[in-house]
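# Architecture and fold: a report
Next come the chains, spelled out residue by residue.
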Amino acid sequence: MEPVTFSPPLYKQRYQFVIDLVKKYKPKKVVDLGCADCTLLWKLKFQTCIEELAGVDINRAVITEKMYRLSPLPCEYLQPSERPLTIKLYQGSVAEKDPCTLGFDLASCIELIEHLETPVLEKFSEVLFGYMTPAIVIVSTPNAEFNRLLPGLNGFRHKDHKFEWTKEEFQNWAQDVCSSYNYTVEFTGVGKGPPGTEDVGFCTQCGVFTRSYPSEGSFTADSCRDTEHSYKSIYNVVYPNLCDGTILRNTVISEVIYWAESIRKNMLEYSQEDETVDDNHSYQASSKSFPSVSNISQETCSTEKQALSDTRGDNEAYKEENTISIPLAKLFSFSRVQKLCGSLDRLKGILSETSQVELNSDSTAMILSAAEDIEEQSEACWDTSCLELGDPLAVCVEDWDEELCDS
């Protein structure tokens, strides 16, 4: 018999199965029980609906080996997300109750239960479905009936497996769970066999459990007090996000300085062109350049270019002696600034409270030097207009990681 192969590899299909359900149900809080090397958590952190991710595993060493991948990327500091995201990792047994596992919308248990002894599995069912009570639970486990299609396999697929269930055995366990804890379940799987083996089922069988009614208050202050903390916190990171007032303010200031410098540069270039026309009595073609904003759509880019080049209206920048004044209304016309501030008054309030920019006497315009050799803004004022969280840098990192896994 020819070896059975899967494309994509089976582990990737399992991860994608969870990701697809996250996209479907859009949970805000997700916990991965038996998170191992945190690969699934790393993939889930890019799902924009999720605001809190947690991972639990009894093996501290396997968690810490690659948990660094869950740290924010440089672009996520430069371009903070609009949504909050917190990631927490715990060392602990899935058969023990801990208040830190309460309040989650979705729990994933990928290739976990087959590693549990029967008494531990019974406690696990009580903890997960009776205590944690997430709205959605995803459980995957090997399908023992598929093993005959795997040449050379003697016994279980992994030396640590305590059992491997047939489809009937898995479904009986799942139905017992549903009747005991008021859940319903749908059965499916990943990893199809070759043609003619449809009766065997999937290589990995999956159960998607849905709570039949809202939780009756298991996530309460009383339940937290009644249960001692049995898990040990290993990792806790809060991603930079615009819900943080300080980060929002710094992002607005950086964005404003970027566009103000772009306007100043264009005005100085036009001034040089005018001098050339006066000196040579001939018109020189404009070589004006616009800032590169690679992640803004073509339509938006066109609008921003027009905003830079438009010389009409009462809100345009103007030069007086050795200074250039840029009305805040002009800066607010840029889409990114509008999105960050929401109103011109809020923009005015943010800029009035910082020493990084200079405003005129009535705080209606930003003042810059008209000198051509003006020093660049401090390094704190990063160019945040050229990056988008998750695009494309995060994709590049993910592609690199996938290639590493394949090797």
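Use the structure listed above.
Reference entry: report on the structure contained in this document. Note that the structure is a prediction, hence the values are computed from the model and not measured. (Residues numbered from 1 in each chain as written. Predicted model: local features only at pLDDT ≥ 70, side-chain atom pairs only at ≥ 80, totals over all residues. Heavy atoms only, no water.)

### Considerations on the sheet that holds strand β2 (residues 52-57)
For clarity, the cut-off: Strand pairing requires that DSSP identify at least two bridges connecting the strands. Only DSSP runs of H or I covering at least 4 residues are called helices, and only runs of E covering at least 2 are called strands; the numbering of each starts at the N terminus. Inter-axis angles, ranging from 0 to 180 degrees, are taken between N-to-C directions of lines fitted to C-alpha atoms, where helices are fitted over the stretch in contact. Any two residues whose heavy atoms approach within 4.5 Å at even a single point are treated as in contact.
Read across the sheet, eight strands follow the order β6-β7-β5-β4-β1-β2-β3-β8 without closing on themselves; strand pairing throughout is mixed. The sheet terminates laterally at β6 (183-190) and β8 (232-238), the two strands that pair on one side only. With direction set aside, neighbouring strand axes in the sheet form an average angle of 15°. As paired elements, strand β1 (residues 29-33) and β2 share five bridges and run parallel to each other. Its bridge partner lying in β2, L33 is registered against V56. In the packing of helix α6 (residues 167-181) onto the sheet, the strands contacted are β5 (136-142), β6 and β7 (204-211), and the crossing angle to β6 comes to about 155°.

### Focus on α6
In an α-helix, one turn spans 3.6 residues, which is why side chains three or four residues apart end up on the same side. To be explicit about the condition: Multiplying 1.5 Å by the residue count of a helix minus one yields the expected span of that helix.
For α6, built from 15 residues, the straight-helix expectation of 21 Å at 1.5 Å per residue is met to within 8% by its first-to-last C-alpha distance of 21 Å. Once α6 ends, the next one or two residues include N182, with phi positive near 60°.

### Description of the packing of helix α5 (residues 118-132) against α6
Worth spelling out the cut-off: By definition in this entry, angles of less than 35 degrees are roughly parallel, angles greater than 145 are roughly antiparallel, angles of 65 to 115 are roughly perpendicular, and the rest are oblique. Throughout, a crossing is termed right-handed when the near helix is turned clockwise from the far one, and left-handed when it is turned anticlockwise from it by less than a right angle. Three classes are used, and their members are as follows: Ala, Val, Leu, Ile, Met, Phe, Trp, Tyr, Cys and Pro are nonpolar, Asp, Glu, Lys and Arg are charged, and the others, Gly among them, are polar.
α6 packs onto α5 with a crossing angle of 45° between their chain directions and a minimal axis gap of 11 Å. It follows from the interaxial angle that α5 and α6 lie oblique. In the crossing of α5 with α6, the sense of the turn from one axis to the other is right-handed. Residue-level contacts link L121, S125, E126, F129 and G130 of α5 to W173, V177 and Y181 of α6. Residue composition of the contact of α5 with α6, by class: five nonpolar, two polar and one charged.

### Section: the nonpolar core
For the record, the criterion: The criterion is simple. A nonpolar core is a set of buried Ala, Val, Leu, Ile, Met, Phe, Trp, Tyr and Cys residues joined through side-chain atoms within 4.5 Å. Only protein chains enter the accessibility calculation, which uses a 1.4 Å probe; a residue is then buried when its area is under 20% of its type maximum, exposed when over 50%, and partly exposed in between.
Grouped together as the largest cluster of nonpolar side chains are 40 residues, with contacts concentrated most on L44, I50, L70, L89 and I138. Mapped onto this core, the elements with two or more residues apiece are α1 (10-25), α2 (39-44), β3 (86-91), β4 (106-110), β5, β7 and β8. The element that contributes the greatest number of residues to this core is α1, accounting for seven residues. Those residues in contact with I138 that lie beyond four places of it in its chain are F17, V18, L21, L106, A107, S108, C109, I110 and G207.

### A closer look at the pattern of salt bridges
Note the threshold: Salt bridge, as used here: a side-chain nitrogen of Lys or Arg that lies within 4 Å of a carboxyl oxygen of Asp or Glu.
Scanning the entire structure with this criterion turns up nine salt bridges. Notably, a salt bridge pairs E111 with R14, separated by 3.8 Å at the nearest N-O pair. In this pair, E111 sits in the loop between β4 and α5 while R14 sits in helix α1, placing the two residues 97 residues apart along the sequence. The same class applies to E111 as to R14, namely buried. A salt bridge links E76 to K45, with the shortest nitrogen-to-oxygen separation between them at 3.7 Å. Placement of the pair is E76 in helix α4 (residues 74-78) and K45 in the loop between α2 and β2, with a sequence separation of 31 residues. For the pair E76 and K45, a shared accessibility class is recorded, and that class is buried.

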